[in-house]
Amino acid sequence: MSQDSTNAIDVRQAVKRYGDFTALKTISLSIHDNEFFTLLGPSGCGKTTLLRMIGGFEDVTEGEIFLYGQEIESLPPNKRPVNTVFQNYALFPHMNVLDNVSFGLEMLGKSKPEARQRAGEILELVQLSDFAARKPAQLSGGQQQRVALARALAPQPKVLLLDEPLSALDLKLRKAMQLELKHLQRETGITFIFVTHDQDEALTMSDRIAVMSAGELQQLGDARDIYEKPANRFVADFIGETNLIDVTIKSQDGQRALCEFPNGLTLTCDARAGLEDGQTGHMSIRPERMKLHAAQVNPENFTGRVVENVYAGTHVQSILHLKDDMKLTVRTQNSDLGNSMVFEPGTEVFVDVERGAARLMAH
Amino acid sequence: MAGGTAQDNGTQGDTYKEVRDWLLAPAWVTLIVLVLLPVLLMLVYSFLTKEFRGGVIWEFSFAAYEQFFCDRGLFGDEPCAIEWTYINIFWRSIWQAGLATILSLLIGFPTAYFIATRPAHVRPLWVFLITIPYWVNLLIRTVSMRFMLREEGPINNALMWSGLIDNPLQMINTNFAVQIGLFYSYLPFMVLPIYAAVERYNFTLSEAASDLYASKWTTLRRIVLPAVRPGVIAGCILVFVPSLGAFLAPDLLGGAKNFMIGSLIEEQFKGNAGNWPFGAAASMILLTLVLVILTLYARQQARPDKGAR
Amino acid sequence: MATRKFDVRSYPGFLAITVLCLTILYVPLMVVAVYSFNASASIVVWEGFSLRWYGDVFVGPESTKFKVAARNSFVIAIIAASVSTTIATLAATAMIRGGTFRYRTLSFGLISLPLMVPEIVTAVATLIFFNSIGFERGILTILLAHIAFCIPFAYLPIAARMQGIEDTYEQAARDLHATKRQAFTKILLPLMMPGIISGFLLAFIISLDDFIITNFVKGAGVETLPTAIFGAVKQGIKPNIMAISTMLLAFSIVMVTISYFVSKSGENNKP
């Protein structure tokens, strides 16, 4: 079977089973050259399994994996031009930083001085030259993280695999490392495959994201696609916060459909999602894409009563009860507070849904 | 030491599964040839006929077990009555080992508890102090104890000097000396598992009990003890089982009156007076006893309600 | 740590019992050590400090016997500990890094067999085995018996250590282009070293201390230190025995101290 050799990784119909348990259900995806690609999903969704299959640490039960057109399934991990940054870094505790970083080069047959010189250069790239003689235990979490990165980059892999490498860092450091990783990827031109369960991380860093759940690929696209046009209920719910409402299709026209809530209210939503009239689907409305008004501004506005306001720094989250106590969450940016768009609990208000914000999904 | 139990460590990865059999082969061969096979051979020997100058004649016979359990009178022609001599020796061994275990528990539990409640950085030092004697030659420890308990030994001297007694106490060659010796031999085995259990124990439970108006001793009895029970049972097994087959303490501290299983077995293989099939049979009975205890222990451990963590 | 007024953890009397426990453990050993420096030929009266009995051990009438016994003991202990540690290291690698396999429980049972069978039973069985195959008793029979008996003692600390080393280290090594053999020698073995040293020392002490098995399989005329001491003690405790005991005691304490610091230094290499 001929493969597109310009793709960094081609996963073709890959399946992974452990006995009776299926960890990955027939996944196919292509990762482009020089791309920052993220596998995103909750724990147990199969993202790490897929990464480990690419790294060579898990056998592929069915299907094939290609690296720049070359089939790699038969190669052991040490023969694959792919390196990994492990979740807990797995820095060799008995070796100092320089020896850790030069290890891969030595294993590739480079002479010790040559390997060390190259390792020194990489350490400079991650600004750790001063720490070359230290043992991993003498470094902070962030420094260990950089050593792990330097060690994986030193053998100049064609693809770098990163298995939740930032999960052990505190929030501030994690934010800083996210940007650094992104820069490093641009600078080195190496394809990065990044695994995370943190959607913020995925949205900030990635060129493209594959959202996975229960061993299946749910959606593949860039950050905006995934956030604004979720393919299904799972993606809408997993990425960001949203109001998920079960709806029935009343009528459809072109790209729009009239949807009815369980309490009888109706709203026009985007996308037909291939549903017939009378069928049920799911609707997602992001809380920040609705506004509250004291008076009606649009014929489609519906009314509700403010039950609770939660102040959350950048915004205020308002919980509303619509007809029949149906709950709805609306988010108002703090800059808008001056416009008196936050109402005291108990106030009856009109909810205005932004055009195109109500998204209909079949599953 | 022997007669212990060990905890299996779970597996951690399968990096070397392809060469697994080769890595295990040396251990398998060594242990099968030098331990398992000999034990099976011993079983065979217990059904053979004794040779009068040590060793065996390869002829099937129940004589060894009959000698153990059956009293057929002076000339061996009476019907089988229960022979109490050897059963009594076994019974005394169980009794002595049991008392030594209770003694170890009474002293070992508070010690283990005390150590486990020290600040974390000094705990290893305390554990170290308790383990040092275990590393010292058992024979030397037993000899030291014999030296202490002698009629003219330091204990009697001190007691007489202080005027508490007028004549030396008879301590050596008594049951008491054997119990003290066994206790002294295996005490660390009692302390260590209890220590491990108490260290894992979540002391918030004690605080909760105290908060709910339990007194300290009620808390110990109702909350702490059930939680650390697996450690206590492990400690008791680790002291009881080796005590049962001990040789040095009864031999050096108990004298001829306080004969235990170990001495009975040893006697059968010394010089020309021995009886190998009988020694093998006694060993088999001891082994069976120990395996029964260990099986019961394993069953108990496998039960789901092993106590709170 | 400041003690609180109402500490739910502490119980009155437990400290006293701990002190009693340590007293019982240490006083007999200390008394013997002190008496080994007694100038008197009697073990009853104290006649002042002297190294007389230490001299007696090395040049006295029984010195040859003890020297030969000591040499036998150390040679056997070094070889038995080395061989059993090697076997145990390989076995631990298979057990901890071999995934799950059908005869794993069986293998563990076999490895811990010498711990479950009472030592005197092992002694009898080994004697019967050597006798039945016509293997003449001597140093070699002691050595073989010790190798088998020491395997679980070497195995347990090694396996425990290995269990604490995550397999991501080998995976990282493999990922960095090391072969399985390189991952073992360059990564796993150095990380296991504290466990291997502890295992070796434990096996060494167990072999050096063993009396019962040795006594059964040694054959006539061959003595190790414990059997020689036992034989001498049967005639009564003499001061030279106390001197030998004190030297062995000091040796054991040095060994256990080394082991303690090795395992402590190993902590630094933990992730």
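1. Topic: the overall build of chain C
Assigned secondary structure in chain C consists of 12 helices and zero strands. The order of helices and strands in chain C, counted from the N terminus, is α-α-α-α-α-α-α-α-α-α-α-α. Overall size of chain C, expressed as C-alpha extent along the three principal axes, is 70 × 70 × 30 Å. Buried residues in chain C amount to 61% of all 271 residues. A separation threshold of at least 6 residues defines the contact pool for chain C, and within that pool the share at least 24 residues apart is 73%. Across chain C, the centroid of the 21 positively charged side chains sits 4 Å from that of the 14 negatively charged ones.

2. Re the interface of chain B and chain C
Note: interface size is frequently given as the accessible area lost on complex formation between the parts. Taken together, the contacts link 100 residues of chain B with 109 residues of chain C. Looking only at chain B, the three residues that lose the most surface to chain C are Gln12, Tyr16 and Trp135 of chain B, adding up to 9% of its buried area. At the boundary of chain B and chain C, one finds two salt bridges. At the boundary of chain B with chain C, the tally comes to 24 residue pairs in polar contact (both at pLDDT 80 or more). Ranked by the residues each element gives to the side of chain B that touches chain C, the list is headed by helix 1 (residues 20-45) of chain B, at 20 residues. Classifying every residue of the side of chain B that touches chain C by side-chain character gives 64 nonpolar, 21 polar and 15 charged.

3. Looking at the packing of aromatic side chains
In this structure the tally under the stated criterion is 48 aromatic pairs over all chains. One aromatic cluster in this structure is built from Phe109, Tyr113, Tyr201, Phe203 and Trp217 of chain B together with Tyr11 and Phe14 of chain C. One residue, arginine 151 of chain A, lies across the ring of phenylalanine 92 of chain A, its end atom 4.6 Å from the ring centre. It is arginine 9 of chain C that lies over the ring of phenylalanine 203 of chain B; its NZ or CZ is 4.3 Å from the centre.

4. Things to note about the environment of lysine 238 of chain C
Residues and elements named next belong to chain C. Along the chain, lysine 238 falls in the loop between helix 11 (225-234) and helix 12 (239-268). Spatially, the C-alpha atom of lysine 238 lies 12 Å from that of alanine 39, the residues being 199 residues apart in sequence. Setting aside its immediate chain neighbours within four residues, lysine 238 contacts Ile43 and Glu62.

5. Digging into the layout of surface pockets
The computed volume of the second largest pocket comes to approximately 520 Å³. Lining the second largest pocket we find 21 residues, and of these Gly56 and Phe57 of chain A, Asp14 and Lys17 of chain B together with Lys180 of chain C sit closest to its centre. For the lining of the second largest pocket, the element with the most residues is helix 8 (residues 168-175) of chain C, which contributes three residues. The class makeup of the residues in the lining of the second largest pocket is four nonpolar, four polar and 13 charged.

6. Quick look at the side chain of serine 46 of chain B
Residues and elements named next belong to chain B. You can see serine 46 is positioned in the loop between helix 1 and strand 1 (48-50). Relative accessible area serves as the criterion here: at 0%, serine 46 is assigned to the buried category. Within the structure, the side chain of serine 46 is placed 2.8 Å from the side chain of tyrosine 65, a separation counted as a polar contact.

7. Here we look at the pattern of salt bridges
Residues and elements named next belong to chain A. Following the criterion strictly, the structure yields 23 salt bridges over all chains and no others. Across the pair glutamate 164 and lysine 47 runs a salt bridge whose closest N-O atoms are separated by 3.5 Å. Note that glutamate 164 is positioned in the loop between strand 7 (159-163) and helix 5 (171-188) and lysine 47 in helix 1 (residues 47-55), a separation of 117 residues in sequence. Relative accessible area serves as the criterion here: at 8%, glutamate 164 is assigned to the buried category. Given a relative accessible area of 3%, lysine 47 falls into the buried group. Between glutamate 121 and arginine 118 there is a salt bridge, with the nearest N and O atoms lying 3.5 Å from each other. Of this pair, glutamate 121 and arginine 118 both sit in helix 3 (residues 112-125), three residues apart, which is roughly one turn of that helix. For glutamate 121, a relative accessible area of 41% gives the class partly exposed.

8. Here we look at the sheet that holds strand 2 (residues 21-32) of chain A
Residue and element names in this part refer to chain A. Here we have four strands laid out as an open sheet, ordered 2-1-4-5, and antiparallel in their pairing. Strands at the two margins of the open sheet, each flanked by one partner only, are strand 2 and strand 5 (70-71). Pairing geometry for strand 1 (residues 7-18) and strand 4 (residues 62-67), over five bridges, is antiparallel. From the neighbouring strand, arginine 12 faces strand 4, where its bridge partner is glutamate 64.

9. Section: the sheet that holds strand 3 (residues 36-40) of chain A
Residues and elements named next belong to chain A. Pairing in this open sheet of six strands is mixed, and the strands run 6-7-8-3-9-10 from one edge to the other. Strand pairing shows two members of the sheet lacking a second neighbour, strand 6 (82-85) and strand 10 (216-221), which therefore form its edges. The average angle at which neighbouring strand axes cross in this sheet is 20°, direction not considered.

10. Remarks on the confidence of the model for chain B
On average, residues of chain B carry a pLDDT of 86, and 94% of them reach 70 or more. A low-confidence stretch, residues 1-5 of chain B (pLDDT under 50), is modelled with 27 contacts involving residues beyond four sequence positions or located in other chains.

11. Let's talk about helix 3 (residues 63-97) of chain C
Since there are 3.6 residues in each turn of an α-helix, residues three or four apart along the chain are aligned in direction. In a regular helix each residue adds 1.5 Å, so 35 residues correspond to 51 Å; helix 3 of chain C covers 49 Å between its end C-alpha atoms and thus fits that length. Where helix 3 of chain C terminates, the next one or two residues include glycine 99 of chain C, which has phi positive at roughly 70°.

12. A few points about the interface of chain A and chain C
With 26 residues of chain A at the interface, the matching set in chain C holds 19 residues. Of the roughly 2,100 Å² buried at the junction of chain A and chain C (both faces included), carbon and sulfur atoms supply 62%. Where chain A packs against chain C, one counts eight residue pairs in polar contact (both at pLDDT 80 or more). Counting residues per element, the ones that place at least two in the side of chain A that touches chain C are strand 6, helix 2 (97-107) and helix 4 (141-153) of chain A. Residues belonging to the side of chain A that touches chain C are distributed by class as follows: 16 nonpolar, six polar and four charged.

13. Structural notes on the state of the cysteines
Residues and elements named next belong to chain A. Overall, the coordinates contain two disulfides over all chains when judged by the stated rule. A sulfur-sulfur separation of 2.4 Å characterises the disulfide bridge that pairs cysteine 259 with cysteine 269. With cysteine 259 in strand 12 (residues 256-260) and cysteine 269 in strand 13 (residues 266-270), this pair connects stretches of sequence that are 10 residues apart. A relative accessible area of 1% places cysteine 269 in the buried class.

14. Looking at the arrangement of the chains
Taking contact number as the criterion, the leading pair out of two pairs of chains in contact is chains B and C. The two units chain A and chain B never meet; even their closest C-alpha atoms stay 10 Å apart.

15. A few points about the pairing of strand 13 of chain A
Remark: a regular strand shows side chains that alternate across the two faces of the sheet. All names here are of chain A. Alternating residues of strand 13 divide into Leu267 and Cys269, all buried, and Thr266, Thr268 and Asp270, none buried. Of the pairings in the sheet, the one linking strand 12 to strand 13 comprises five bridges and is antiparallel in character. Note on strand 13: the bridge partner recorded for leucine 258 is threonine 268. Linkage of strand 12 to strand 13, two consecutive antiparallel strands, is achieved through a turn of five residues, within which glycine 264 is found at a positive phi near 95°.

16. Notes on a nonpolar patch on the surface
Residues and elements named next belong to chain B. A cluster of nonpolar side chains, Val29, Ile32, Val33, Leu36 and Leu40, forms an exposed patch at the surface whose accessible area comes to about 370 Å². By secondary structure assignment, the location of leucine 40 is in helix 1. Leucine 40 gets classed as partly exposed once you look at its relative accessible area, which sits at 46%.

17. Structural notes on the side chain of asparagine 215 of chain C
Examined against the element boundaries, asparagine 215 of chain C turns out to sit in helix 10 (residues 212-217). On the basis of relative accessible area, asparagine 215 of chain C is assigned to the buried category, the value being 9%. Once residues within four sequence positions are removed from consideration, asparagine 215 of chain C is found in contact with Glu266 and Lys270 of chain B together with Thr227 of chain C.

18. Remarks on the environment of asparagine 72 of chain C
All names here are of chain C. Within the fold, asparagine 72 resides in helix 3. On a C-alpha basis, the gap between asparagine 72 and valine 34 in space is 27 Å, while along the polypeptide they are 38 residues apart. Among residues more than four places away in sequence, those in contact with asparagine 72 are Ile139, Val222 and Glu223.

19. Examining the confidence of the model for chain C
Residues and elements named next belong to chain C. Here chain C averages 89 in pLDDT, while 95% of its residues score no lower than 70. Ranking the elements of chain C by mean pLDDT puts helix 12 last with 83 and helix 3 first with 95. Overall fold confidence for the complex sits at a pTM of 0.84, while the interface term, ipTM, reaches 0.88.

Basis of the calculations
Residues numbered from 1 in each chain as written. Chains lettered and ligands numbered in written order. Predicted model: local features only at pLDDT ≥ 70, side-chain atom pairs only at ≥ 80, totals over all residues. Heavy atoms only, no water. Helix = DSSP H or I, 4+ residues; strand = E, 2+ residues; numbered from the N terminus. Buried < 20%, exposed > 50% of the residue type's maximum accessible area, 1.4 Å probe, protein only. Contact = heavy atoms within 4.5 Å. Lys, Arg positive; Asp, Glu negative; His and termini not counted. Charge placed at Lys NZ, Arg CZ, Asp CG, Glu CD. Buried area = accessible area lost by both parts, 1.4 Å probe. Salt bridge = Lys/Arg side-chain N within 4 Å of Asp/Glu carboxyl O. Polar contact = N/O pair within 3.5 Å; in protein donor to acceptor, adjacent residues only side chain to side chain. Nonpolar A, V, L, I, M, F, W, Y, C, P; charged D, E, K, R; others polar. Phe/Tyr/Trp six-rings, centres within 6.5 Å; stacked < 30°, edge-to-face > 60°. Lys NZ or Arg CZ within 6 Å of the ring centre and 35° of its normal. 1 Å grid on protein atoms, 1.4 Å probe; cavity = no way out; pocket = protein on both sides within 12 Å on 5 of 7 lines; lining within 4 Å. Points joined across faces, edges and corners; volume = space filled by probe spheres on them. Pairing = 2+ DSSP bridges. Axes fitted to C-alpha atoms, helices over the stretch in contact; angles between N-to-C directions. pLDDT = per-residue confidence, 0-100. Expected span 1.5 Å × (residues − 1). Disulfide = S-S within 2.5 Å. Patch = residues over 30% accessible without salt bridge, like charges linked within 9 Å, V, L, I, M, F, W, Y side chains within 5 Å. Areas by Shrake-Rupley, 256 points an atom, 1.4 Å probe, with all protein chains shown as cover.

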